[in-house]
Amino acid sequence: MEEMQTSDPINKLGPDYSINPPEFAEFFNICSKRRIAVKTFLLDQSVFSGIGNWMSDEILHLARIHPEQPVNTIPEALAQCLYDGIIDVCSITAETEANTTKFPRHWLMLHRWGKARSKKEVQKTADGKIVDFLTVGGRTGCYIPELQVLFKPEVSDTDDIKSEPQDSKPKRRKVKQERKESKDSKEVKIETEEPLKLSEEQKLSISKFSYKPEPEN
């Protein structure tokens, strides 16, 4: 067994989070260095051993994270939800031997297959939330738009944006401020730049829907 684990390509696999997950600090350090979409990140077998397409969807659903969210923009509190979700999904899947009849009833896995059966009907969870589908990194998965919100990181006034690589610069929107000097004067428009920030609705979504295992009835 030891010889097998040290041979190629087994020795290139990441840790199995159902058996021996790394400490959260190590996990968060890895996240902070990756700029790819979080769904693509979860499918990287050199980082996570054994996580497949549907499992990545389940993990992101439990953590309330949008599949396209860049990994390095996920705040620490939400990264903790992601970490807990990875351990739970991997552990439960291993314990039940991937028997879907034994999965928790609130799992997204139990509602994802309707897309193949009917394209006319809108797929919904048991509590009526719409299940949508999107392709990230060549893999099509599902998520719940109401719960999994794609947000942009806040940029403080002290951030040295010029020192960052070109591809990491946050997009900025122009805000037009209108000023009238007098009734007869022409309207003067001043363009200023304001950093994109996480909206109050998005902050509420994260705080409200952070990962919490639902008890079985």
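Residues numbered from 1 in each chain as written. Predicted model: local features only at pLDDT ≥ 70, side-chain atom pairs only at ≥ 80, totals over all residues. Heavy atoms only, no water.

### Notes on the confidence of the model for the chain
- Overall, the predicted model of the chain reaches an average pLDDT of 75, with 61% of residues at or above 70.
- Within the chain, no element has a lower average pLDDT than strand 4 (residues 188–195), which sits at 38, and none a higher one than helix 3 (residues 38–42), at 97.
- Scored below 50 in pLDDT, residues 156–196 makes 45 contacts in the model with residues more than four places away or belonging to other chains.
- Here residues 208–213 scores under 50 on pLDDT; set against residues more than four positions off or in separate chains, the count is 14 contacts. (pLDDT = per-residue confidence, 0-100. Helix = DSSP H or I, 4+ residues; strand = E, 2+ residues; numbered from the N terminus. Contact = heavy atoms within 4.5 Å.)

### So, the pairing of strand 2 (residues 139–143)
- One ladder, built from 5 bridges, connects strand 1 (residues 132–136) with strand 2; its direction is antiparallel. Residue pairing in the sheet places Asp132 in a bridge with Tyr143 of strand 2.
- Hairpin connection, strand 1 to strand 2: the antiparallel pair is bridged by 2 residues, and Gly137 has positive phi, about 60°. (Pairing = 2+ DSSP bridges.)

### Some thoughts on unusual backbone geometry
- We note that Arg64 has phi near 60°; this positive angle belongs to a residue other than glycine.
- One can find Arg64 in the loop between helix 4 (53–63) and helix 5 (76–95).
- Not every positive phi belongs to a glycine, and Ala98 is a case in point at roughly 60°.
- For Ala98, the position within the fold is in the loop between helix 5 and helix 6 (114–117).
- With a relative accessible area of 42%, Ala98 lands in the partly exposed category. (Buried < 20%, exposed > 50% of the residue type's maximum accessible area, 1.4 Å probe, protein only.)

### So, the environment of Phe41
- Locating Phe41 in the fold gives a position in helix 3.
- Of the residues examined, Phe41 reaches a relative accessible area of 0% and is grouped as buried.
- The spatial distance from the C-alpha of Phe41 to the C-alpha of Pro67 is 9.7 Å, given a sequence separation of 26 residues.
- In contact with Phe41, other than residues within four places in its own chain, are Ile30, Cys31, Arg34, Ile36, Val47, Phe48 and Val71.

### Topic: the packing of aromatic side chains
- One pass over the full model with this rule turns up 12 aromatic pairs.
- Relative to Tyr83, the ring of Tyr17 lies with its centre 6.3 Å away and its plane at 75°, an arrangement referred to as edge-to-face. Of this pair, Tyr17 sits in the loop between helix 1 (2–5) and helix 2 (24–31) while Tyr83 is found in helix 5, placing the two residues 66 residues apart along the sequence.
- When its relative accessible area of 9% is taken as the criterion, Tyr83 is described as buried.
- Aromatic ring contacts, followed pair by pair, group Tyr17, Phe24, Phe27, Phe28, Phe41, Phe48 and Tyr83 into a single cluster. (Phe/Tyr/Trp six-rings, centres within 6.5 Å; stacked < 30°, edge-to-face > 60°.)

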